[in-house]
Amino acid sequence: MSKYNKFNLPKAVAAVSAAMMTASTLAFAQAAQAQEEAMLEEVVVTGIRASLANALEEKRESTNLIEVIQSEDIGKLPDQNLAEVLENVPGVQITRTGGVGTGVQIRGTNANRTEINGVSTVGSGGGRSGIDFEDVSASIISAVEVTKASEAKTIEGSVGGTINLRTIRPLELKEMLGSVRIQGENSSLATDSTFTPRFSGTFGNNWETGVGDMGVVISASYSEQDVSNFRPRVDRDNLVASDSGYASAQSFDFLPIQFLNQQVESFEYETTNLVGSFEWALNDDLKIFADAILNDQAMQEESYRVQASGVSSMRQTSIPDQFETVDFGTLPGENGSQDLGSIQAALVGTIGIDLAHDDDDPNLRISSDTDSRDTDSKLFRLGTEWAAGRFSGKLEVARTESTTINPRINTTLNFINPNAPLDAGGSNDNAVPFSYDLRDGLAFGLAYGTANAPTVEDMYNPYNYVLRDYQVADDVAENSEDAFRADVTFDLDVAGITTIDFGYRYSKAKSKNDDSRNNVGLRTMDESPRGSMFSEILTEGPDNFGDGDGRDLFVADFLMVDSEQVASNYDYVMQTLIDATNEHQSQTGADKPLSEPTSSSSAFFDISEETNALYAQMNFEYGILRGNAGVRYIESEVNSTGISTVNGEDVLTSNTGSYDFFLPRINLVANVTEDIIIRAGYGTDIRRPDFTDLSTSASFSTSPNPPVTIGNPELRPEEVDSFDLTFEYYFAPSAVVSVGYFNKKRSDLHRAQQEDPAATPEGYRDTTAPCEGGGVYNPIADWNVFVPDGQQGVGICVPRETTINDAGETTQEGFEFAFQYDLGEFEDSLGWASGFGVLANYTIQEFSGGETVNDATSRASDVFEATTGATDVTFKQALLDLSENAYNITGYYEKYGLSARVRYTWREAYRSEDFGSTSSYPWGFPVVQDDRGQLNASVSYDVTDNLSFSVEGVNLTESKVEQYCVNGGSLLCYQGLTDRRVTVGASYQF
């Protein structure tokens, strides 16, 4: 391949060639320059069909297995979101947050790397995958490359694949380019705006000068986005046995209502991206390049939760009106398959007020969640490409950095029902009745009109609310990587060996976390100020929860702390709550003040990692065979600093560790015929532990439900051996049908393991350290329902979560099928119909092996003992976010200035730990997210050669998410009611 791309976008710009990203192809470019430059005049890229053809040609010519998506036009990838762009690739599936693509799984795993122009990136947290996809606008990216089979020169650290985001290269331009695009997006569930704006623009040119060729490209984008996702949740993980003696007991065992939650995830994104690239070719043997990429994203969360708490206390008296049969199915466990039996479960009913049984349950809580994120990331690259005789190469220095601030004021208000008595023990909650109907979804609401029920007017009276929880934070995470690399190619051309590549890379990665927090739980009326004392920061909650699926039963009338005020005037909201609490407690004599966030020593860590890497790679071509073989050697040293508590004092502690690996890699390509290619690849790679998993830091919540996550400094890197075999048949121009097999054997797999605290048959936990029965002591969590009724206090044993190395070997294997075809070659005979084309891919994969298991929670164990008699139910961990079957089919039409695309994506059920507001595994196991498909479409029309208009739709059918506890299809416990997003826009090129 030439060092100058042979493909160019309409009116000026080329999609970046993969050759620009690797030293081997850059060296080969020196030898093939004249031939390739002649081809530059022969191929002109236009629209969907040409971008697909060019990407396919790039894949065909590569010596290892890659997938490429090129932009159809300047700044126009197939989707607005980079994760959703990658969903077009065979073997790639994505996960979404609030309906927006945020996670990418390649061949079933999240353990991947992201680069920009071949440079490693860092993310907003302590992970290893790189920059968050929602932080980068697709409008500044000209191509996306996914490497599935690594070469020796490929930077280590990926299990599924390496994603390289490529920007426009200045010296590849054939003429000056200029482009602007204006768009507006509407979300069907957002309440703040009708359309949010997006702007992007690109300018580039190059010049012949007396000191060589110079080129510059500048791209910029600004976008706002509102997304919402409604997530109702119902817990039914308790037991009313037929012989319990409860007033609610039936002739059969059943699952009562344990908890009800009406959650809305609402996010407002504001993203600014700026890219600048400079290239200077002094002569044919020397080029200097520099890139600067600046990204800034402010993500403002305006979520809320309406919770029916204390419901579990009513299981002894509340009798459901209808039941359903829940079949738990079979579950793979430590000792083989376990048939978990079936049981009846509450389906329809009213949980009324029974003052004789409990004077403060069930109760109503409203939480405002404002976990916002402001991430400022930068990437700088400076280097040179050179040639001298039979040697050529590249020298490059790069720095990538990210600073993330997480400000938040999360609050929970208790509603004090004026039509029910206050709790006799002084607690700051009292009884509110609820109705539930789970037949067509997880629906519940206030039981207006029943005994002691509040009125709508009561729900909007600030005096009827008190502050329960105050959680403020101003956390800071800083990540960076400095790197130097030297790559050299020797042109050998002896006995089929074309070139020898060798090189060295040094990198130093850092991750620092400093949490500033103040979490206070107020549990008595004496401690909690009334809402009338801070009414200026209260607002009516949204009443559109029924818009998600048309339901009539939901909580529509309530007050909450105004999340918009938190975003716009953080200090004012915080001080208002502090002042109200101080004034109230000065009147009652209570002493539990609020304060500003202060640094949390238990959550601090500062980790650095230095790596030296060497590689050597032989590239060969002989007859129908071509490929490469080599080895990469890495040596890393990790230094970790944290704060430990010794004899009641904080002590700075440091740990040092090191490791090294040899990573052999080989790729072989056989051009069996002119149209048939067979590829084979084998390679070894590693996956380093996330920085957060290495840290011994911990953060505590005032709630006793979420686990405390504690790092594991002894965690070892995973090691993965990968084998690929692919058959590709290019049966027509711009057409292919391919079948690929992959097999990945992983050792020391990183696994999350949760240990639950011991509990009595009544569900009560230990309230003293050191939690001998399991879990970990949380000194600020309230006792809640985990102690006998009427007792209050803080400090209790909670679940403990850590990451361990799986002692067993695991295997991921599967097949990828892909098909691409268009009718463009039949233009003379089909006319207008020749504009149609289709792309499709299907992935089937499975995961096996490993020894790590999850244990059922104490309440779940009681249920399983009732259904089967089993007392030690376990779950042999599956790989999270892996769907065994998935497909993607796209139909498109392009002709006469009209460009249209329709894509349907489907993935089978998979295990997930994204289940809303709680981080504890329900029933002790990850949930099963059910099968789901999504329909996206786009249409654009070129009014002139320069001006075009477009309309795009995401999730047109508003496909909902359903999550089941224990097993797929067994017990529905979470739902996601997602939004439809429509974008309209115009673009102009000059």
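Shown above is the structure to which this text applies.
Parameters and conventions
- Residues numbered from 1 in each chain as written.
- Predicted model: local features only at pLDDT ≥ 70, side-chain atom pairs only at ≥ 80, totals over all residues.
- Heavy atoms only, no water.
- Disulfide = S-S within 2.5 Å.
- Helix = DSSP H or I, 4+ residues; strand = E, 2+ residues; numbered from the N terminus.
- Buried < 20%, exposed > 50% of the residue type's maximum accessible area, 1.4 Å probe, protein only.
- Arc of directions from axis to C-beta.
- Contact = heavy atoms within 4.5 Å.
- Pairing = 2+ DSSP bridges.
- Axes fitted to C-alpha atoms, helices over the stretch in contact; angles between N-to-C directions.
- Phe/Tyr/Trp six-rings, centres within 6.5 Å; stacked < 30°, edge-to-face > 60°.
- Lys NZ or Arg CZ within 6 Å of the ring centre and 35° of its normal.
- Salt bridge = Lys/Arg side-chain N within 4 Å of Asp/Glu carboxyl O.

Engineer: Sorry, what's going on with the state of the cysteines here?
Structural biologist: In a disulfide, the sulfur atoms of two cysteines are held together by a covalent bond. In this structure the tally under the stated criterion is 2 disulfides. A sulfur-sulfur distance of 2.1 Å marks the disulfide that ties C771 to C797. The sign of the -100° torsion about the S-S bond sets the C771-C797 disulfide as left-handed. Here C771 is found in the loop between strand 37 (750-755) and strand 38 (776-782), whereas its partner C797 is found in strand 39 (residues 794-798), with 26 residues between them in sequence. Note that C965 is cross-linked by a disulfide to C973, the S-S spacing being 2.2 Å. Between C965 and C973, the S-S dihedral sits near 105°, and the bridge is therefore right-handed. Here the two residues C965 and C973 agree in accessibility, since each one is buried.

Engineer: Any chance you could explain helix 9 (residues 858-868) here in plain terms?
Structural biologist: Quick reminder: α-helices carry 3.6 residues per turn. Residues three or four places apart thus point the same way. Three or more residues of helix 9 are buried, namely A860, S861, V863 and F864. All buried residues of helix 9 fall inside an arc of 160° around its axis, so they share one side. Buried residues in helix 9 make contact with strand 11 (254-255) and strand 18 (342-351). Of the residues flanking the end of helix 9, it is G869, one or two places downstream, whose phi is positive at about 85°.

Engineer: So what exactly am I meant to see when it comes to the pairing of strand 20 (residues 373-388) here?
Structural biologist: Regular strands show a simple pattern: their side chains alternate between the two faces of the sheet. Bridge analysis of strand 13 (residues 286-301) against strand 20 gives 14 bridges, and the strand direction is antiparallel. The partner of L294 across the bridge, within strand 20, is K378. Pairing between strand 20 and strand 21 (residues 391-415): 15 bridges, direction antiparallel. Bridge pairing links D376 to T403 in strand 21.

Engineer: Quick question: what am I supposed to make of the sheet that holds strand 34 (residues 708-709) here?
Structural biologist: Two orientations exist for strands paired in a sheet by backbone hydrogen bonds: parallel and antiparallel. Here 3 strands make up an open sheet; going across it, the order is 34-40-37 and the pairing mixed. Unpaired on one side and paired on the other, strand 34 and strand 37 mark the two borders of the sheet. Pairing between strand 34 and strand 40 (residues 800-805): 2 bridges, direction parallel. The partner of V708 across the bridge, within strand 40, is R800.

Engineer: What is the right way to look at the sheet that holds strand 7 (residues 162-166) in this model?
Structural biologist: An order of 1-6-7-4-5 is seen for the 5 strands of this open sheet, with the pairing classed as mixed. A strand with exactly one partner marks an edge of an open sheet, and here the two such strands are strand 1 (66-70) and strand 5 (119-120). For strand 6 (residues 143-147) and strand 7, the ladder comprises 5 bridges, and the chain directions are antiparallel. Note that in strand 7 the partner of V144 across the bridge is L165. Sitting on the sheet, helix 2 (residues 47-61) is in contact with strand 1, strand 6 and strand 7, with an inclination near 155° to strand 1.

Engineer: What am I meant to see in the packing of aromatic side chains here?
Structural biologist: Here the distance between the centres and the angle between the planes together describe a pair of aromatic rings. Under the definition given, this model contains 29 aromatic pairs. When the ring of F819 is compared with that of Y821, the centres are 6.4 Å apart and the planes differ by 45°; the resulting orientation is tilted. Classification of F819 by relative accessible area gives partly exposed; the value is 33%. Residue Y821 is classed as buried on the basis of its relative accessible area of 18%. Centre to centre, the rings of Y988 and F990 are 6.4 Å apart; their planes meet at 25°, and the pair counts as stacked. Three or more aromatic residues link up through ring pairs in this structure, and these residues are Y729, F731, F819 and Y821. Geometry around Y896 places K895 over its ring, the cationic atom sitting 5.5 Å from the centre. Above the ring of Y910, the side-chain terminus of R907 is found at 3.9 Å from the ring centroid.

Engineer: Where do I start with the pattern of salt bridges in this structure?
Structural biologist: Pairing between side chains becomes possible if they bear opposite charge and their charged atoms approach one another. Scanning all chains against the criterion turns up 61 salt bridges. Linking E87 and R903 is a salt bridge whose minimum nitrogen-to-oxygen distance equals 3.3 Å. Here R903 lies in strand 46 (residues 898-907) and E87 lies in the loop between helix 3 (82-86) and strand 2 (92-97), a separation of 816 residues in the sequence. The same class applies to E87 and to R903, which are both buried. With a closest N to O distance of 3.6 Å, D132 and R373 form a salt bridge. Remark: R373 occurs in strand 20 and D132 occurs in the loop between strand 5 and strand 6; sequence separation between them is 241 residues. Judged by its relative accessible area of 10%, R373 falls in the buried class.

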